[in-house]
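Single-letter residue listing:
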Amino acid sequence: MTEKSNLFKCHKISEGKTSGEVLFSKDGICFYLIDPESGVVIERNHSLFGKSIANKILVFPNGTGSSVVQADGMYQLKMHNMGPKAMIVENADTTLVASSIIMEIPLVDKVDSGFNETVKNKDILEVNATDGEIKLVQKGE
Amino acid sequence: MVKLSLTEQQMLNGDFGKGTQTAMKIQVAIAEAFDAPYMVPISRAHVALSNQEADLWFVEKLVSQGAKCRIRPTVNPSFNWDQMGQITNLSSEDLNIVKRTDDAYKKIGALMTYDCTPYLQLNVPKVDDIISYSESSATPFVNSVYGAKTNRESAQSALCAAVTGVVPYYGYLMKENRKGEILVNVLAKMDSDFDFQLLGYVLPLKIGFKIPVFNFVNKKEKNNFSNASLMNLGAQMNTSGNVAIYHILGYTPEANTLEDAFQSNSIPEEIDITQEDLDSVRDKISAPIGKIDFALFGCPHLTFEQIQKVTKIIEGKKLAVPLFIMSSDPTMRLCEQMGILKIIEDAGGNIISNTCMDQPCWKFLYGKKGVTDSPKCAYYTKRRSMEFVITDLENATYSALEGEVTSDRKKQFV
């Protein structure tokens, strides 16, 4: 892999820098329907049902859920250290944006095309939301 | 970079105190996330107070920094500790948090309306008003039915707007972002408010979060929609999805004609929704019919008209299981004044004001099975180990009389 294909530009929503393992979600995320003590998704019919999002770089299409529960879900996960390390979203809505900023969880959108083809579950990423950059540092299994 | 007025810049600098500064900082970050060019003043706000940890943490933080609302917002329900205290034993921990929340919101200058349907009574905007409304069922109502302009604010972002009196200019505040994206031909007859619950729930699963323009092809009265039906439609679209505005062809203010609704001569996409589509979603989200332990209505808060429907069915009879109707305080007082509250209480039911189903005061129902007319109610209580059969309000009321949900079909009554 060339250096170039490891680096993806993105747009900062909530600032911060972190690194961690990637987890893709096909479905939208409602943080309230994630168990705060384990980070496990408890929403039936969800593609991540039974899986933990704790300390992952979570990639998902959009937020779902009411104007209240998103912030509270995130807050409780954060208090238990079971929240995502950073989030990469396709369609950001106000609730998701405001919650991430207030809870200080890095969030970006508008990621370079090619990200979804190149990056797979379990890869290790460095997310620098502040400067709008995502780096693929290690391929997973 | 968002361009701020002199006053807004002073808020950001801290000239108006730390609380206002915090609120403005968050709003500037939101503005930048959405590339908003500047801020605009708001005339109204509604904050989805939730009495949950994050809610209390944030409002107390602003209060401790001396924030005061420039636009006094109405607020969502928590729970009515006086009324619920007579029904169940409230833990001192839950009482403590609900009173702390009450105290903090009073200090910041909120109007303690404790109602999730403020747009029907105490906080009614006009067409083109720029406002900041959180509460996922309130946002679509004020945008769609009244033609006021708000983004789908979170409780916290709306509170920040109430404090600063401005919002970033982006999203649904701009006309071009409010245009319809798909024509939804509803072939089902839609003769009950419950059909609107199901339509609202199924639509985002079918089309994603596009702005729908509804064409109610087979509805008998095309210019008569109950408040409950419109409220249900918006509430459920924001349970299974995230839809801040919808249009109804020939009815809502931005959809006089197809051209109005789509802001164009062409219709980008079209879909048909049938009765089968509505029925299939109910089967998916409802618990199986059978014996029930309680009935819980009012997510969102029942309107006076809905309470009247329930009352007609239970008048002079005895309920087999406890019935709790959540509504606004003004509606409850109206029911009391008109003798409706007494009829409900004589049957063994209650109207509870200022209360939401997603609150710890309902612990005595955990592990039990209830009946409700609201998919939203059933969705959020997954966190609270309550199980619900979902059916229309009339059938749910009959079920409360019998202690059992026996049929999905709506029963005929005089």
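Everything below is about the structure shown above.
Residues numbered from 1 in each chain as written. Chains lettered and ligands numbered in written order. Predicted model: local features only at pLDDT ≥ 70, side-chain atom pairs only at ≥ 80, totals over all residues. Heavy atoms only, no water.

*Asks:* Please set out the overall build of chain A residue by residue, giving values where relevant.
*Replies:* In terms of regular secondary structure, chain A is built from 3 helices and 8 strands. Helices and strands in chain A line up, N terminus first, as β-β-β-β-α-β-α-β-α-β-β. Relative to a compact globule of 141 residues, whose C-alpha radius of gyration would be 14 Å, chain A shows 14 Å and is just as compact. Principal axes of the C-alpha set define a box for chain A whose edges measure 40 × 30 × 25 Å. Burial analysis of chain A (141 residues in total) assigns 58% to the buried set. As presented, chain A carries roughly 6,000 Å² of accessible surface, and 46% of it is formed by carbon and sulfur atoms. Charged side chains of chain A number 15 positive and 19 negative; the gap between the two group centres comes to 4 Å. (Helix = DSSP H or I, 4+ residues; strand = E, 2+ residues; numbered from the N terminus. Rg over C-alpha atoms; globule rule 2.2 N^0.38 Å. Buried < 20%, exposed > 50% of the residue type's maximum accessible area, 1.4 Å probe, protein only. Areas by Shrake-Rupley, 256 points an atom, 1.4 Å probe, with all protein chains shown as cover. Lys, Arg positive; Asp, Glu negative; His and termini not counted. Charge placed at Lys NZ, Arg CZ, Asp CG, Glu CD.)

*Asks:* Before we move on, can you summarise the pairing of strand β14 (residues 369-372) of chain B with the specific residues and values?
*Replies:* Residues and elements named next belong to chain B. Every second residue of β14 is oriented toward a common face, with Lys369 and Val371 on one face and Gly370 and Thr372 on the other, all of them buried. Note: strand β11 (residues 294-302) against β14, 2 bridges, orientation parallel. The residue bridging Phe294 from the neighbouring strand is Gly370, located in β14. As paired strands, β14 and strand β15 (residues 387-390) are joined by 4 bridges and run parallel to one another. Its bridge partner being in β15, Val371 is matched across the sheet by Val389. (Pairing = 2+ DSSP bridges.)

*Asks:* Any details on the environment of Gly241(B)? Residues and values, ideally.
*Replies:* Inspection of the secondary structure puts Gly241(B) in the loop between α9 (227-237) and β8 (247-248). Owing to a relative accessible area of 0%, Gly241(B) belongs among the buried residues under this scheme. Sequence spacing of Gly241(B) and Gly200(B) is 41 residues, and the spatial spacing of their C-alpha atoms is 9.0 Å. Dropping the residues within four chain positions of it, Gly241(B) is found in contact with Gly65(A), Arg152(B), Pro204(B), Phe209(B) and Gln236(B). (Contact = heavy atoms within 4.5 Å.)

*Asks:* Mind laying out the environment of Thr391(B), listing which residues take part and the relevant values?
*Replies:* All names here are of chain B. By the secondary structure assignment, Thr391 is in the loop between β15 and α16 (393-402). Sequence separation between Thr391 and Gln197 is 194 residues, and the spatial gap between their C-alpha atoms is 9.9 Å. Here the side chain of Thr391 touches Asn395 through a polar contact of 3.0 Å, side chain to side chain. (Polar contact = N/O pair within 3.5 Å; in protein donor to acceptor, adjacent residues only side chain to side chain.)

*Asks:* Can you break down the layout of surface pockets residue by residue, with the values?
*Replies:* Each pocket or cavity is described by its volume, and for the second largest pocket that value is around 720 Å³. Lining the second largest pocket we find 27 residues, and of these Asn91(A), Ala92(A), Asp93(A), Phe34(B) and Tyr172(B) sit closest to its centre. Within the residue set of the lining of the second largest pocket, elements represented by two or more residues are β4 (56-62) and β5 (86-91) of chain A. Broken down by class, the residue content of the lining of the second largest pocket amounts to 10 nonpolar, 8 polar and 9 charged. (1 Å grid on protein atoms, 1.4 Å probe; cavity = no way out; pocket = protein on both sides within 12 Å on 5 of 7 lines; lining within 4 Å. Points joined across faces, edges and corners; volume = space filled by probe spheres on them. Nonpolar A, V, L, I, M, F, W, Y, C, P; charged D, E, K, R; others polar.)

*Asks:* So what's going on with the interface of chain B and chain A? Residues and values would help.
*Replies:* With 36 residues of chain B at the contact, the number on the chain A side is 32 residues. Surface buried jointly by chain B and chain A totals about 2,900 Å² across both partners, of which 58% is contributed by carbon and sulfur atoms. Connecting chain B to chain A are 1 salt bridge. Linking chain B with chain A are 8 residue pairs in polar contact (both at pLDDT 80 or more), by the criterion used here. For the side of chain B that touches chain A, the secondary-structure elements that each account for two or more residues are α2 (18-33), α3 (53-64), α7 (155-164) and α15 (375-380) of chain B. Split into classes, the residues belonging to the side of chain B that touches chain A amount to 14 nonpolar, 11 polar and 11 charged. (Buried area = accessible area lost by both parts, 1.4 Å probe. Salt bridge = Lys/Arg side-chain N within 4 Å of Asp/Glu carboxyl O.)

*Asks:* Before we move on, can you summarise the sheet that holds strand β12 (residues 323-327) of chain B with the specific residues and values?
*Replies:* Residues and elements named next belong to chain B. The 5 strands are arranged β13-β12-β11-β14-β15 in an open sheet whose pairing can be described as parallel. Two strands in the sheet have a free side with no partner beyond their single neighbour: β13 (349-353) and β15. Here the strands of the sheet are splayed against their neighbours by 25 degrees on average, with no regard to which way each runs. Sheet topology note: the β12/β13 ladder contains 5 bridges and is parallel. Bridge pairing in β13 places Leu323 opposite Gly349. (Axes fitted to C-alpha atoms, helices over the stretch in contact; angles between N-to-C directions.)

*Asks:* How would you summarise empty space enclosed by the protein if you had to cite specific residues and measurements?
*Replies:* Over the atoms, a rolling probe the size of a water molecule traces out where space has been left empty. All names here are of chain B. Applying the stated rule across the entire model yields 3 cavities of 30 Å³ or more. Approximately 250 Å³ is the volume attributed to the largest cavity. What lines the largest cavity is a set of 22 residues, and nearest its centre among them are Asn76, Glu135, Cys356, Met357 and Lys376. Listing elements by their share of the lining of the largest cavity, those giving two or more residues are β11 and α15. Element by element, the count of residues in the lining of the largest cavity is highest for β11, at 4 residues. For the second largest cavity, the calculated volume is near 70 Å³. Lining the second largest cavity are Ser192, Asp193, Phe194, Asn232, Gln306, Lys309, Asp373, Asp392, Leu393 and Glu394. Contributing elements (two or more residues each) for the lining of the second largest cavity: α8 (193-207), α12 (304-314) and α16. Of the residues belonging to the lining of the second largest cavity, the class tally is 2 nonpolar, 3 polar and 5 charged.

*Asks:* Residues and numbers for the side chain of His46(A), please.
*Replies:* Residues and elements named next belong to chain A. Topologically, His46 is positioned in the loop between β3 (17-24) and β4. The exposure class of His46 is buried, given its relative accessible area of 9%. Within polar-contact distance, the side chain of His46 engages the backbone oxygen of Gly28 at 2.8 Å. The residues contacting His46, other than those within four sequence positions of it, are Ser25, Asp27, Gly28, Ile29 and Val41.

*Asks:* Could you give me a rundown of the pattern of salt bridges, with the residues and numbers involved?
*Replies:* Residue and element names in this part refer to chain B. In this structure the tally under the stated criterion is 18 salt bridges over all chains. Note that Arg100 and Glu60 form a salt bridge whose closest N and O atoms lie 2.8 Å from each other. Separated by 40 residues along the polypeptide, Arg100 in helix α5 (residues 92-108) and Glu60 in helix α3 bring together distant segments of the chain. We classify Glu60 as partly exposed; its relative accessible area is 26%. The partner of Lys309 in a salt bridge is Asp193, and the shortest N-O contact between them spans 3.3 Å. Here the residue Lys309 occupies a position in helix α12, and Asp193 occupies one in helix α8, the gap between them amounting to 116 residues. By relative accessible area, which is 31% here, Lys309 ends up partly exposed. Its relative accessible area of 16% is what places Asp193 among the buried residues. Sharing partners across several salt bridges, the network here consists of Asp193, Lys309 and Glu394.

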